[in-house]
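Results of the structural survey
Residues per chain are reported as follows:
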Amino acid sequence: MIKRKIYDKLFLFFSVAAFLVAVVPLFSIIAYVVSNGLSVINLSFLTEDPSATGVGGGIANSIVGSFVTVAIASLVGIPIGIAAGAYISEFRSERYSRVVRFVSDVLLGVPSIVTGILVYSLVVLSLHTFSALAGGIALGLIMVPIVTITTAESMAFVPNSIREAAYALGIRRIRVVAIVISNAKGGILSGILLALARASGETAPLLMTALGSQLPFSGLLKPVNTLTLFIFNSATSGNPPLVSQAWGASLVLLLIVLGISLGVRFIAKGRYRYL
Amino acid sequence: MKRSKGISAKSSVIAVVLLVVVVVAVVVLVSMRQEQQTSTTQTSSTTSSMTSTSRYMPPPGQIVISAGGSTFVNPIMQVWASAYHNLTASSQNPVSINYQPIGSSAGQQGLFTGTLDFAGSDAPVSASQLAQYSSKGNLLQIPEALGGVAIFYNIPGISVSLNLTGDIIAKIYEQKITKWNDQAIVQLNPSVTLPNQTIIPVHRSDGSGTTYALTSYLATQDPTWVSTIGVGTSVNWPTNELAGKGSSGVAGLVIQNKYSIGYADSYYAFNNHLLAANIRNSAGKFVQPTVASFVAAASQFADVLSKNITASIVNAPGQDSYPIATFTYLLVWQNQNDPNKGWAIANFFKWVVTDGQSYSEKLYFAPLPQNVVSIDIQLISSINYQGKTFT
Amino acid sequence: MKLNEKYLKYFLTAFASFIPFLLALYFIAIGKDSLLAFQKFGISFFLGSTWNPPREIFQVFPEIMGTLVSSAIALLISLPVSIGLAIFLSEFCPRRFSDFLGSIVELLAAVPSVVYGFWGLAVFVPYFLYPVENFLKENLSFIPLLSSNDGITGYNMLSSGVVLAIMIMPIMSSVCRESFLYVPSSLREAAYALGATKSEVIRKAVIGYAKQGIAASVFLGFGRALGETMAVTMIIGNALQFSYSLLMPSQTLASLIANQYAEAIGEIAISSVIAAGFTLLVISFIINFAARIILRRMRLRGSELI
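Think of each chain on its own: its residues are numbered from 1, step by step along the sequence as written. For naming, the first written chain is A and the first written ligand is 1, with later ones following in the order written. Side-chain atom pairs in this predicted model are given and counted only at pLDDT of 80 or more, local residue features only at pLDDT of at least 70, and totals for whole chains, interfaces and linings cover all residues.

What about the interface of chain A and chain C?
By the convention adopted here, residues are in contact when the distance between their C-beta atoms, placed from the backbone, does not exceed 7 Å. Each partner contributes residues to the interface: chain A has 75 residues there, and chain C has 78 residues. Looking at the side of chain A that touches chain C, the element that brings in the most residues is helix α1 (residues 2–38) of chain A, giving 18 residues. Gly counts as polar in this scheme, as do all residues outside two lists: the nonpolar Ala, Val, Leu, Ile, Met, Phe, Trp, Tyr, Cys and Pro, and the charged Asp, Glu, Lys and Arg. Of the residues in the side of chain A that touches chain C, the class split is 55 nonpolar, 12 polar and eight charged. The numbering of helices and of strands both runs from the N terminus, where a helix is a DSSP run of H or I of at least 4 residues and a strand a run of E of at least 2.

Laid out in structure tokens, this is it:
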């Protein structure tokens, strides 16, 4: 009996210890990013382009670059994702639909740097330039399976009674699909946001597609910088002023990504946490 | 009721998608208009310039150049790019140059695959590479800065510059010398108490002209070097050594790791407050990497350079010469595909090798010797678009 | 009306077909560019240990091992911690706090990997892991896994495994927690009624019932860790070697690509970097494929997305 009591205590101890081991590093990351980043961020840091000497200046071009590449990615990822998700959900009785669903699951697991290689050899080498466009396409391909799966899942959650009611009223199928989509809007929206958060935080595929730039954004067919590229390049430089700028950029990125994720949480109320 | 809820719900999804579409459309339009501007005016002015002279003048409009390569030359290249942008900002052709420090090898590859408009490289392109891409025409290699490879280290408690020889550096990287208090190092530094700590050598993980300069020097100092590690932009490093991406990656690792040693352009050492070793030159003197010692080294090679502009200048004779001095080169195709870019590149290059040299010393580069400048200007004037030159 | 219906179906099918097309594209486009390397090196591309650009020999055995070993270390650390955390949140913590804490941990899954890498590079490795590893090296170096004949730096296989563990912990623990929450309360009550103590209830009833969820979290975490690039590149030390010691700098397939993609000059070098990407693609495909098949069989209620 005493042995069992001790077991109980051991279990409590083990789980509390695991909790601490898990939570301390995670909070340490947030704490370091906030405390080191906060002192760097001011208006000129956010609105100026990098200075030539690498000291002083800001990250405006990286913010714009992140925004542009993610916008292009949305253009690629969202329409394809929603249409494919609608197909999976509304034609789920078909064998092909299950194939598509399975393949999107598999695509979700493709390492992002492999996507970078694909876009490098298909887009960068054929356009003969690193570009915002190539970076955006790479991020878009990463978004496709996320949007597809969340759309399919949230449309599948729409009760069949709605579909049946619509058919009973003699509404055309295209309208029925539209009605189902509109009933699943929360889930679809949060899937989109989730994909946006993932795309905003990607670095690896951008190394070989968007390349990076010191210049203000100057066109879709030119290399661009993004927040993530800026952080990687500055963080590994060891040069103190650049490293502290990297903390500032990390804080900006963290605010964006966590902001989007909070949005997902708010809209989806706890679904789609594992993508 | 269901229906009205459905419509408002749908519209919010549509609104998000529309917003994204609109933003992207605006961006696309703006950038298309820019390109259109240059391309429409381009055709008209090409015809007019054809009749008058064989020198090309671009139509008004901004010109953006994508370049990349050597991290060695990056500090000064960024200053040049921004100074040149300011210089041309109010002219009818403002020129923006985006130089990315991705490594000399990556720069060369970018040039060969056509993804970069020009490249910076500290190592001349090998003959076999040139042959492989000979269908693309003649590749010009234009020395634009004179610098030196500093050997720096992070030993807590030591705040003086150590004396080292090429032989010792070679043996450290070959791991034949593994402790800081090795007899060979102690003998050269009698006044310093060296710790009994393992040396952590750091090298480049990517292909680099800095590696080329260092290894071609070490090959002159250590007879076994060529067979053990070799000479080149990427070499056969012992596989258990730490490696950083880019010069800044190496400097970063040395800062992070006590008792480590690394190499990079002297800017990265001094800018990060790392101590650079005094290296023994062929006259037996220990010399710091300074602008003066780079100039002294280059001046020993005036004749050689006039015959072969890509000749190596390591291990220079002379009392004051720094033994690991090196030129770094601008690489560009002699025949340009885009006349506007060609015009901007040629004029930027000409400015770099002349007026731009005044920025050198602040960034630990030495101004180019006069005879090199005149060779450069000749090379630059041969850059052309379908026979029409730019400078 | 019939016609319209047909068009809708064609329209949606066309978009949906992009997805299998994309998967095929990955294999065909990347496979085609890797062909040269596979032809030249054959099976030795996977089994040899030399990556030597000057001599044009490219082999990725150390990187394959690096990928698998660093991910395995991450799992080994993350799995018990995730289960422990999930037990704490679902069994010991009051429900109000548990939801709040659970959400915060999940939120951290969204932190970009480059930020994890930066924190690891600048804070975690130098101030925490390096002293710990130095201690291990001084006292336990008779164990081959911790041996080191010279100084260690903190930038090595073990460190990147630990950072990967921290990165995959949020997602693993929330999958575990969710599967614990779905354990029917009748099961718990029945166990208590039989006189089981809390620890016995957790071990037998909860963990026993949620085995599938735990298995799911393992697959998910492993898949994440395999392809992670930025954090690993910043921490693993980028040495092109295979070493039995976890305290030596190493390389993974993903970090090899990040370091070498742009510097590769000449057809064979470029093809070899792409072939490394193809290898990574195949490894992650196999893991994902297996995971999906297994998970399909034991799909969890309410979390169809895993």
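Focus: the interface of chain B and chain C
Contact residues are listed per partner, giving 28 residues for chain B and 21 residues for chain C. Mapped by element, the contributors of at least two residues to the side of chain B that touches chain C are α3 (104–113) and β7 (242–244) of chain B. Among the elements that make up the side of chain B that touches chain C, the one with the highest residue count is α3(B) (four residues). Here the residues of the side of chain B that touches chain C are counted per class, giving seven nonpolar, 18 polar and three charged.

With respect to the packing of helix α12 (residues 240–268) of chain A against helix α5 (residues 113–140) of chain C
The contact between α12(A) and α5(C) brings their axes to 11 Å, and the two run at 145°. Crossing angle aside, the handedness with which α12(A) passes α5(C) is left-handed. On α5(C), the residues touching Val243(A), Ala246(A), Ser250(A), Leu253(A) and Leu254(A) of α12(A) are Val115(C), Phe118(C) and Ala122(C). Counted by class, the contact of α12(A) with α5(C) contains seven nonpolar, one polar and no charged residues. Lines fitted to the C-alpha atoms define the axes, with helices restricted to the stretch that makes contact. Angles between their N-to-C directions range from 0 to 180 degrees. Should the near helix be turned counterclockwise from the far one by less than a right angle, the crossing is left-handed, whereas a clockwise turn marks it as right-handed.

Things to note about the domain arrangement of chain B
Accessible area lost upon the coming together of the parts is a frequently used measure of interface size. Residues and elements named next belong to chain B. One can read the domain layout of chain B as domain 1 (63–147 + 326–389) and domain 2 (148–301). Each side of the interface is counted separately: domain 1 has 21 residues, and domain 2 has 23 residues. Residue assignment for the side of domain 1 that touches domain 2 shows that the elements contributing at least two residues are α3, β4 (139–154) and β12 (325–333). Counting residues per element, the side of domain 1 that touches domain 2 draws most heavily on α3, at three residues. In this entry, domain limits derive from an automatic or database-based domain assignment.

Section: unusual backbone geometry
Most peptide bonds take the trans configuration, and most residues that are not glycine carry a negative phi. Unlike most non-glycine residues, Gln175(B) shows phi in positive territory, near 65°. One can find Gln175(B) in the loop between α5 (166–173) and α6 (183–188). Positive phi outside glycine occurs at Asn238(C), with the angle close to 55°. Looking at the secondary structure, you find Asn238(C) in the loop between α10 (230–235) and α11 (253–260).

What to know about the sheet that holds strand β5 (residues 163–164) of chain B
All names here are of chain B. Being paired, for any two strands, means DSSP has found at least two bridges between them. On the basis of which strands lie adjacent, the open sheet formed by three strands has the order β5-β10-β11 and mixed pairing. Each of the sheet's edge strands pairs with one partner strand only, and the pair in question is β5 and β11 (286–287). The pairing of strand β10 (residues 278–280) with β11 spans two bridges and is classified as antiparallel. Each residue of the ladder has a partner; that of Ile279, found in β11, is Val287.

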